[in-house]
Amino acid sequence: MKSRIHYTKPSITGLEVSYATDAATNGWGEKCYEYIHRFEDAFKKHLNVQYAIATSSCTGALHMGMAALGIGPGDEVIMADTNWIATASPIVHLGAKPIFVDILSDTWCIDPDLVEQAITPNTKAIVAVHLYGNLCDMDKLLAIGKKHGIPVIEDAAEAIGSVYQGKRAGSMGRFGTFSFHGTKTLTTGEGGMFVTDDAALYETVLTLSNHGRARGQSKQFWPDMVGFKYKMSNIQAALGCAQMERIDELIKRKRDIFYYYRDQLVAIPGISMNPEHLNTINGAWMPTVVFDAETGVTRENLQAAFAEENIDARVFFHALSSLPILGGEQGKEISSSVPLRAINLPSFHDISLQEQDRVISVIKNVLRS
Ligand SMILES: *Cc1c(COP(=O)(O)O)cnc(C)c1O
């Protein structure tokens with residue numbers, strides 16, 4: 001049996017271990033927020049935003065941000081049909097309705113023209129998800145939001161390292177969210193971040209994130225709102241501080257891995273991969289191959305071929321509107337078609353060139369057979 005090639009795996013060095021050990025040993029009492037504040041400050045600087053709140057997950061950050069925007073029963077939130085469930089579930093938990101629209105065929109991100117068509121008097125927000133690190137058309141989405149007075153939210157969970165016309169993903173919308181789950185480019189095990197340049201929104205989310213206790217409140221144990229408990233621990237933040245010191249290295253490695261695949265695969269007829277449009281940088285969280293329908297290659301062929309070689313490759317996200325829990329419709333045209341002939345390739349930090357070559361040969365063989 002050939003050695004297993006994993007799909008994702010974090011890069012944890014002595015630096016992460018030493019910071020986490022220090023937090024576990026000393027980070028209590030008056031020091032219990034030290035790494036959290038340091039992590040938030042480093043993240044703000046990296047993103048060039050004014051406010052950041054470390055959270056227990058990206059889902060929690062989205063939930064609080066959407067609650068702070070006042071999204072609730074009867075409201076609609078427009079998002080791409082191709083996505084992980086985590087972006088849709090906070091909308092559902094708030095009693096609002098996710099409105100799924102189709103994706104663009106090159107970036108696999110939300111189609112701005114369809115967003116505009118989907119706007120109704122009940123629309124309360126538009127969510128831009130930078131899928132797999134590929135960037136949404138932010139110029140168009142922000143213009144539509146501005147024209148209709150609807151905030152654009154950026155779920156940048158997959159887009160650390162992605163840059164749009166000089167601005168980092170997550171820094172352009174009313175607020176942005178990030179995930180530090182173990183599969184993401186930067187990890188704290190579990191964790192997330194809420195970022196914004198809106199001072200009032202920041203105050204509201206800060207209060208919500210601390211069980212509704214406003215920081216100006218002088219009475220003890222006195223909540224001013226019914227809030228949430230989506231905080232990050234100091235020990236997780238210590239891991240985050242170490243990862244932030246290595247952020248350029250972590251992103252560069254992702255991009256190098258992606259380009260090694262791309263250079264050998266993208267010229268083959270019938271294949272497309274994550275794009276990198278003019279004036280953008282793709283953070284390359286998830287190298288993905290989509291086969292043209294004419295090739296006849298299917299998700300099932302691909303899964304079987306990779307399993308045979310003991311390589312952990314993953315399927316492209318299912319169209320959310322096709323899930324029985326979210327309506328169980330047909331799915332949109334592109335969002336329901338692409339996952340049937342696509343695969344995510346392994347891209348963990350320490351993958352070797354030999355391992356990448358094994359992945360590449362599986363793809364070439366599937367096309368030949
Ligand atoms: C990973 C991911 C999330 C969820 O992140 P958690 O930290 O697990 O809550 C949300 N949105 C997208 C697009 C993701 O990829």
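Above this text you will find the structure in question.
Residues numbered from 1 in each chain as written. Predicted model: local features only at pLDDT ≥ 70, side-chain atom pairs only at ≥ 80, totals over all residues. Heavy atoms only, no water.

## Some details on the side chain of Thr87
For step 1, the next point in the chain: As for its position among the elements, Thr87 is in the loop between strand 2 (76–80) and helix 4 (89–93).
For step 2, the next point in the chain: The buried category is assigned to Thr87, whose relative accessible area is 1%.
For step 3, the next point in the chain: Within the structure, the side chain of Thr87 is placed 3.1 Å from the side chain of Asn83, a separation counted as a polar contact.
For step 4, the next point in the chain: Within the structure, the side chain of Thr87 is placed 2.8 Å from the side chain of Asp155, a separation counted as a polar contact.
For step 5, the next point in the chain: Setting aside residues no more than four positions away along its own chain, Thr87 makes contact with Leu62, Met66, Met79, Val127, Val129 and Asp155. (Helix = DSSP H or I, 4+ residues; strand = E, 2+ residues; numbered from the N terminus. Buried < 20%, exposed > 50% of the residue type's maximum accessible area, 1.4 Å probe, protein only. Polar contact = N/O pair within 3.5 Å; in protein donor to acceptor, adjacent residues only side chain to side chain. Contact = heavy atoms within 4.5 Å.)

## A short note on the sheet that holds strand 11 (residues 280–281)
For step 1, the next point in the chain: Here we have 3 strands laid out as an open sheet, ordered 7-6-11, and antiparallel in their pairing. With one partner strand each, in any of the chains shown, strand 7 (167–168) and strand 11 form the two edges of the open sheet. (Pairing = 2+ DSSP bridges.)

## Some points on the site of the ligand
For step 1, the next point in the chain: In the vicinity of the ligand, 14 residues are found, and the nearest of them are Thr59, Asp155, Glu158, Ser179 and Lys184.
For step 2, the next point in the chain: Measuring from a nitrogen atom of the ligand, one finds a side-chain N or O atom of Asp155 at 2.7 Å.
For step 3, the next point in the chain: Within the side chain of Ser179, one N or O atom sits 2.7 Å away from an oxygen atom of the ligand.
For step 4, the next point in the chain: Burial of the ligand by the protein amounts to 92% of the accessible area it has alone, namely 390 Å².
For step 5, the next point in the chain: Of the residues in the shell around the ligand, the class split is 5 nonpolar, 6 polar and 3 charged. (Near = heavy atom within 4 Å. Areas by Shrake-Rupley, 256 points an atom, 1.4 Å probe, with all protein chains shown as cover. Nonpolar A, V, L, I, M, F, W, Y, C, P; charged D, E, K, R; others polar.)

## Topic: the nonpolar core
For step 1, the next point in the chain: Counting 59 residues, the largest nonpolar core has Phe39, Phe43, Phe178, Phe180 and Met193 as the members making the most contacts within it.
For step 2, the next point in the chain: Not counting chain neighbours up to four residues away, the residues in contact with Phe39 comprise Phe180, Leu186, Thr188, Met193, Met232, Ala237, Gly240, Cys241 and Met244. (Core = buried A, V, L, I, M, F, W, Y, C linked by side-chain atoms within 4.5 Å.)

## So, the sheet that holds strand 13 (residues 342–344)
For step 1, the next point in the chain: Spatially, 10-12-13 is the arrangement adopted by the 3 strands of the open sheet, whose pairing is antiparallel. Sheet topology places strand 10 (271–273) and strand 13 at the edges, where each strand pairs with a single neighbour. Strand after strand, the sheet turns through a mean of 20° between neighbouring axes, direction not considered.
For step 2, the next point in the chain: Of the strand pairs in this sheet, strand 10 and strand 12 (residues 288–291) are connected by 3 bridges, and their pairing is antiparallel. Its bridge partner lying in strand 12, Ile271 is registered against Phe291.
For step 3, the next point in the chain: Against the sheet, helix 9 (residues 247–265) contacts strand 10 and strand 12, and its axis sits at roughly 160° relative to strand 10. (Axes fitted to C-alpha atoms, helices over the stretch in contact; angles between N-to-C directions.)

## Some details on the environment of Val127
For step 1, the next point in the chain: Position of Val127 among the secondary structure elements: in strand 4 (residues 123–129).
For step 2, the next point in the chain: Considered as a pair, Val127 and Ala293 are 166 residues apart in the sequence and their alpha carbons are 29 Å apart.

## Here we look at the pairing of strand 12
For step 1, the next point in the chain: Side chains Thr288 and Val290 of strand 12 all project onto a buried face; the interleaved residues Val289 and Phe291 project onto the opposite face, where all are buried too.
For step 2, the next point in the chain: Summarising the sheet, strand 12 and strand 13 pair through 3 bridges and their orientation is antiparallel. Bridged to Val289 within strand 13 is Ile343.

## Points about the pairing of strand 9 (residues 192–196)
For step 1, the next point in the chain: Counting buried positions along strand 9 yields 5 of 5 residues, so the element is predominantly enclosed.
For step 2, the next point in the chain: Burial of strand 9 is two-sided: the residues Gly192, Phe194 and Thr196 facing one way and the residues Met193 and Val195 facing the other way are all buried.
For step 3, the next point in the chain: Bridge count for strand 1 (residues 51–55) against strand 9 is 5 bridges, and the pairing is antiparallel. The partner of Ala52 across the bridge, within strand 9, is Val195.

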